[in-house]
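Single-letter residue listing:
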Amino acid sequence: MFTAVYATSTHKPGTNKPSTSSKSNPNMRTGYTQRAQNRAANRRGQGRQGSVKKIDYPHPKALEVCFKLDEKSIKEGVEEGEASADPFTIELKMYLEMKGFPHKIHIVDPEKGKNLPEWFRKNNWDGVLPMTKYDKEQYKLGSAETMMALEKKFCVPSMSSGGMGAGRFRGKTVKNLTLSLLKSVRPYDDTNPDWKDLVLEFKELDQYLVQCHGREGDYMKSKKFSLWDIRMVPALYNLVTIANYFKPGFALPDEVPHLRSYLQHAFEDPVFKKFCPTVRKIVRYYEPKLNVRIVLPDDVV
């Protein structure tokens, strides 16, 4: 039984919107035609290419990736939907983008057996996602295993693993703490053990950023994501987004100024913004986990 939660938004849509009329833009009709042709090609089974640019450094051959389907993204007349807002999906997309590896994407639903490649059926009985296949018979389950394996074998372009002590933090920890907090009915204060656990994690993250500030590869210095950043930022973004809509009044505590500054920079990074899920997709991802239905205003994308 779902409980409906109505979320409010303070967003005010802008009034100075660019014209969407094909008469005012003669190139727009051509763009519509091209996009329609691309969608038709995908429906004929040619698949989605995550990257088509040519690269001149060693890279995995015939790299294919399976991401979990967001069921509500499927519309009438469309055979293949969009990937979900799972943080592990976002982090693997960011990694492949930064490495520049050409790859083919499959959007799958193991529970219903939708769009599953034969190699997925034979090598992934538990339906672990994301899953990758490359170099003929190399299979990896999960984003962390995939990134570690590819980074070890294909170290160009090089990516930092993060500062000393980065291994202590995992996006999965933040994800689990988020679910515990949202399921709690207590307020955001010291009487709530879930909130205390999350604040403790925030403080340790803040101390880690202070410790590694200025080290080579650190995001705050180089403005380039490390592997640690890729694994943390999607989970933290989902936390901030869903907490704001599910429990209005959520905010990062004042005791973590470095984490606040870090997230302001990280959320504006071009690579993250390219794959950043919409609010609606994040809400859809958490609804079944929280056993609620969150009703968002029409102006929330």
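The structure under discussion appears in the preceding block.
Predicted model only: the values in this text are computed from it and were never measured.

Conventions and cut-offs
Residues numbered from 1 in each chain as written. Predicted model: local features only at pLDDT ≥ 70, side-chain atom pairs only at ≥ 80, totals over all residues. Heavy atoms only, no water. Helix = DSSP H or I, 4+ residues; strand = E, 2+ residues; numbered from the N terminus. Buried < 20%, exposed > 50% of the residue type's maximum accessible area, 1.4 Å probe, protein only. Contact = heavy atoms within 4.5 Å. Areas by Shrake-Rupley, 256 points an atom, 1.4 Å probe, with all protein chains shown as cover. Axes fitted to C-alpha atoms, helices over the stretch in contact; angles between N-to-C directions. Parallel < 35°, antiparallel > 145°, perpendicular 65-115°, else oblique. Left-handed = near helix turned anticlockwise from the far one by under 90°. Expected span 1.5 Å × (residues − 1). Phe/Tyr/Trp six-rings, centres within 6.5 Å; stacked < 30°, edge-to-face > 60°.

(A) Structural detail: the overall build of the protein. On a plain count of helices and strands, the protein comes out with 11 helices and eight strands. Across the 301 residues that make up the protein, the buried fraction comes to 46%. For the protein, contacts bridging at least 24 residues in sequence account for 72% of all contacts bridging at least 6. When the accessible surface of the protein is totalled, it reaches about 17000 Å², and 52% of it is carbon and sulfur.

(B) View of the packing of helix α2 (residues 87-99) against helix α8 (residues 227-246). Relative orientation of the contacting elements α2 and α8 amounts to 140°, with a least axis distance of 9 Å. Overall, the two elements α2 and α8 adopt an arrangement that is oblique. The element α2 and its partner α8 pack so that their crossing is right-handed. On the side of α2, the interface is formed by Pro87, Ile90, Glu91, Met94, Tyr95 and Met98, while α8 contributes Leu227, Ile230, Arg231, Pro234, Ala235 and Asn238.

(C) Spotlight on α8. The terminal C-alpha atoms of α8 lie 30 Å apart, and with 20 residues this matches the ideal 28 Å at 1.5 Å per residue to within 8%. Counting buried residues along α8, 18 of its 20 residues qualify, which places the element largely inside the surrounding structure.

(D) Structural view of the packing of aromatic side chains. According to the stated counting rule, one finds eight aromatic pairs in the structure shown. Taking 6.0 Å as the distance between ring centres and 50° as the angle between the ring planes, the aromatic pair formed by Trp228 and Tyr262 counts as tilted. Here Trp228, found in helix α8, pairs with Tyr262, found in helix α9 (residues 257-266); they are 34 residues apart in sequence, far enough to count as distant. Ring geometry for Tyr237 against Phe267: centres 5.0 Å apart, planes inclined by 85°, an arrangement best described as edge-to-face. Placement of Tyr237 in helix α8 and of Phe267 in the loop between α9 and α10 (270-275) is noted, with a sequence separation of 30 residues between them. Judged by its relative accessible area of 17%, Tyr237 falls in the buried class. For Phe267, a relative accessible area of 17% corresponds to the buried category.

(E) Fine view of the environment of Gly162. Take Gly162: it is sitting in the loop between α4 (143-153) and α5 (171-183). Each C-alpha atom of the pair Gly162 and Leu227 lies 6.4 Å from the other, and the pair is 65 residues apart in sequence.

(F) Structural context of the environment of Glu82. Within the fold, Glu82 resides in strand β4 (residues 82-83). Here the alpha-carbon distance between Glu82 and Asp70, two residues 12 residues apart in the chain, equals 5.7 Å. In contact with Glu82, not counting residues within four places along its chain, are Lys68, Leu69, Asp70, Ser73, Ile107 and Lys281.

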